[in-house]
Amino acid sequence: MGIIHVVSVSGGKDSAATLLLALRRFGRHRVRAIFCDTGNEHQAVHDYLDYLEHTLDITIHRLRADFTDRFAVHRARLEAIAAGGPDYHPTAKFQWTAERAAQAAALMHPTGNPFLDLCLLKGMFPSHGRQFCTEELKRNPAVEYQIDLIDQGHTVVSWQGVRRDESARRRDVQRFERIGPGFYAYRPIADWTADAVFGFLAQNGVEPNPLYLQGMDRVGCMPCINVGKSELRQIAARFPEHIQRIAEWEKLVNEVSRSGKASFLFSGGWERIHERVEWAKTSRGGRQYDLLAGLIEPTACASAYGLCE
Ligand code: SF4
């Protein structure tokens, strides 16, 4: 028993730098690297984890949320409605018909993809206001892993690659914090800038994820539900297969959604991903096509961090 330093790796630069700091300070045997696999990442993220394991001579433990039990419960509820029983949520804006409930029940089985499974269970996609993806696909598996270590008698220090200049919400994060008995959070790069992070990785001979060189501001889900307009345009130009996958997920989630109006990106309306991509190609206000946007060269280097300079 003793102190275990757990680093949650995302495939991005900040967590890579944090992992490097933890390893330099405490060594491989006292550091555990974990990765919460949402099932919505680009293959480059998985390749980058392999690269980190090889370069740093470590193992990164892959964690995946499993919703099998919740599927069984939800399927039983839908089957009951299909058999003539009452809706389990009588005040909902949209009500199930027996026919739609039967169709939804038939689809209510785990696919093996955590992101899609969660959306099927919820009958909707996450949004900025209801960001259940972060909680259920990333936070919960990471917390469960660390609670298990505490239950085994370890003290856990959770190293988090969070920077204050990333967003207003993170401006006041503390460098060190007690979360609970035997459980602490440490944020060693809280005061670093993005440039400092890239510089630190370079000094230590660690490459950043190549997605930064392909127009991605952040490395995580592809796409993230909070994707910006220009990044969505970049994804559509460079990785159209991800847009197509989301379009297929939208069809499936709509089959099991009460409203039948689930869309991956919230726009205030019911626009599907392909419509949002078309919008992303427009200039301000969405009325006019931005001709430059249509001329994106998919192989050109366009890092938002200026790595190509
Ligand atoms: S990266 Fe975006 S889509 Fe993925 S879990 Fe986080 S908020 Fe959700």
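Values in this document were obtained by computation on a predicted structure and should not be read as measured data.

With that settled, the discussion passes to the pairing of strand E1 (residues 3–8). Here five bridges tie E1 to strand E4 (residues 155–159), and the two strands are oriented parallel to one another. Within the sheet, the bridge partner assigned to Val7 lies in E4 and is Trp159. Between the parallel elements E1 and strand E2 (residues 31–36), the chain passes through helix H1 (residues 13–26) in a crossover that is right-handed.

What follows is about the domain arrangement of the protein. Per the domain assignment, the segments of the protein are domain 1 (3–66 + 130–212) and domain 2 (68–109). Look at where the C-alpha atoms of domain 1 and domain 2 centre, and you get two points 38 Å apart.

Let us now look at the site of the ligand. Taken together, Phe115, Gln131, Cys133, Thr134, Lys138, Cys221, Cys224 and Ile225 make up the full set of residues near the ligand. At three residues, the largest contribution of residues to the shell around the ligand is made by helix H6 (residues 132–151).

This next bit is on the packing of helix H3 (residues 68–82) against helix H5 (residues 114–122). As a packed pair, H3 and H5 sit with axes 10 Å apart at the nearest point and diverge in direction by 25°. The angle between H3 and H5 places the two elements in the roughly parallel class. In terms of crossing hand, the pair formed by H3 and H5 is left-handed. Here Arg70, Phe71 and His74 of H3 come into contact with H5, specifically with Asp117, Leu118, Leu120, Leu121 and Lys122.

The computed volume of the second largest pocket comes to approximately 780 Å³. Lining the second largest pocket are 29 residues; nearest its centre among them are Lys122, Gly123, Met124, Phe125 and Arg130. Counting only elements with at least two residues in the lining of the second largest pocket, the list comes to H3 and H5. Looking at which element gives the most residues to the lining of the second largest pocket, the answer is H3, with four residues. Residue classes in the lining of the second largest pocket are distributed as 15 nonpolar, seven polar and seven charged.

This structure, assessed with the given rule, holds 10 aromatic pairs. Put simply, the rings of Phe26, Trp159, Phe176, Tyr184 and Tyr186 touch in pairs and so form one group of aromatic residues. Its guanidinium or amino end placed over the ring of Tyr88, Arg77 lies 4.7 Å from that ring's centre, counting from NZ or CZ. Looking at Lys122, its charged tip hangs above the ring of Phe132, at a distance of 4.9 Å from the centre.

As a further point, take the UniProt feature "domain: Phosphoadenosine phosphosulphate reductase" (unreviewed entry) in the protein. The residues that UniProt annotates with the feature "domain: Phosphoadenosine phosphosulphate reductase" (unreviewed entry) are residues 5–225. Across residues 5–225 one finds 42% helix and 13% strand; the C-alpha atoms that close the span lie 30 Å apart.

Between helix H4 (residues 98–107) and helix H9 (residues 240–255), the shortest axis-to-axis distance is 8 Å and the interhelical angle comes to 130°. Classified by the angle between their axes, H4 and H9 sit oblique to one another. Where H4 approaches H9, its residues Arg100, Ala104 and Leu107 are matched on the opposing element by Leu252, Asn254 and Glu255. Residues that form the contact of H4 with H9 fall into these classes: three nonpolar, one polar and two charged.

Along the chain, Ala105 turns up in helix H4. With 28 residues separating them in the primary sequence, Ala105 and Arg77 have C-alpha atoms 8.4 Å apart. Setting aside residues up to four positions removed in sequence, Ala105 forms contacts with Arg75, Leu78 and Glu79.

Let us now look at the nonpolar core. Formed by 72 residues in total, the largest nonpolar core has its most connected members in Leu19 and Ile273. No other element matches the seven residues that H1 contributes to this core. Here this core spans two domains, since at least three of its residues come from each of domain 1 (3–66 + 130–212) and domain 2 (68–109). Once residues lying within four places of it in the same chain are set aside, the contact partners of Leu19 are Val7, Val9, Val31, Ala33, Leu56 and Ile58. With 10 residues, the next largest nonpolar core counts Ile34, Ala142, Leu149 and Phe183 among its residues.

What counts and how
Residues numbered from 1 in each chain as written. Predicted model: local features only at pLDDT ≥ 70, side-chain atom pairs only at ≥ 80, totals over all residues. Heavy atoms only, no water. Pairing = 2+ DSSP bridges. Helix = DSSP H or I, 4+ residues; strand = E, 2+ residues; numbered from the N terminus. Right-handed = clockwise from strand over helix to strand, strands pointing away. Domains from an automatic or database assignment. Near = heavy atom within 4 Å. Axes fitted to C-alpha atoms, helices over the stretch in contact; angles between N-to-C directions. Parallel < 35°, antiparallel > 145°, perpendicular 65-115°, else oblique. Left-handed = near helix turned anticlockwise from the far one by under 90°. Contact = heavy atoms within 4.5 Å. 1 Å grid on protein atoms, 1.4 Å probe; cavity = no way out; pocket = protein on both sides within 12 Å on 5 of 7 lines; lining within 4 Å. Points joined across faces, edges and corners; volume = space filled by probe spheres on them. Nonpolar A, V, L, I, M, F, W, Y, C, P; charged D, E, K, R; others polar. Phe/Tyr/Trp six-rings, centres within 6.5 Å; stacked < 30°, edge-to-face > 60°. Lys NZ or Arg CZ within 6 Å of the ring centre and 35° of its normal. UniProt positions renumbered as here; feature names shortened; annotations may be inferred. Core = buried A, V, L, I, M, F, W, Y, C linked by side-chain atoms within 4.5 Å. Buried < 20%, exposed > 50% of the residue type's maximum accessible area, 1.4 Å probe, protein only.

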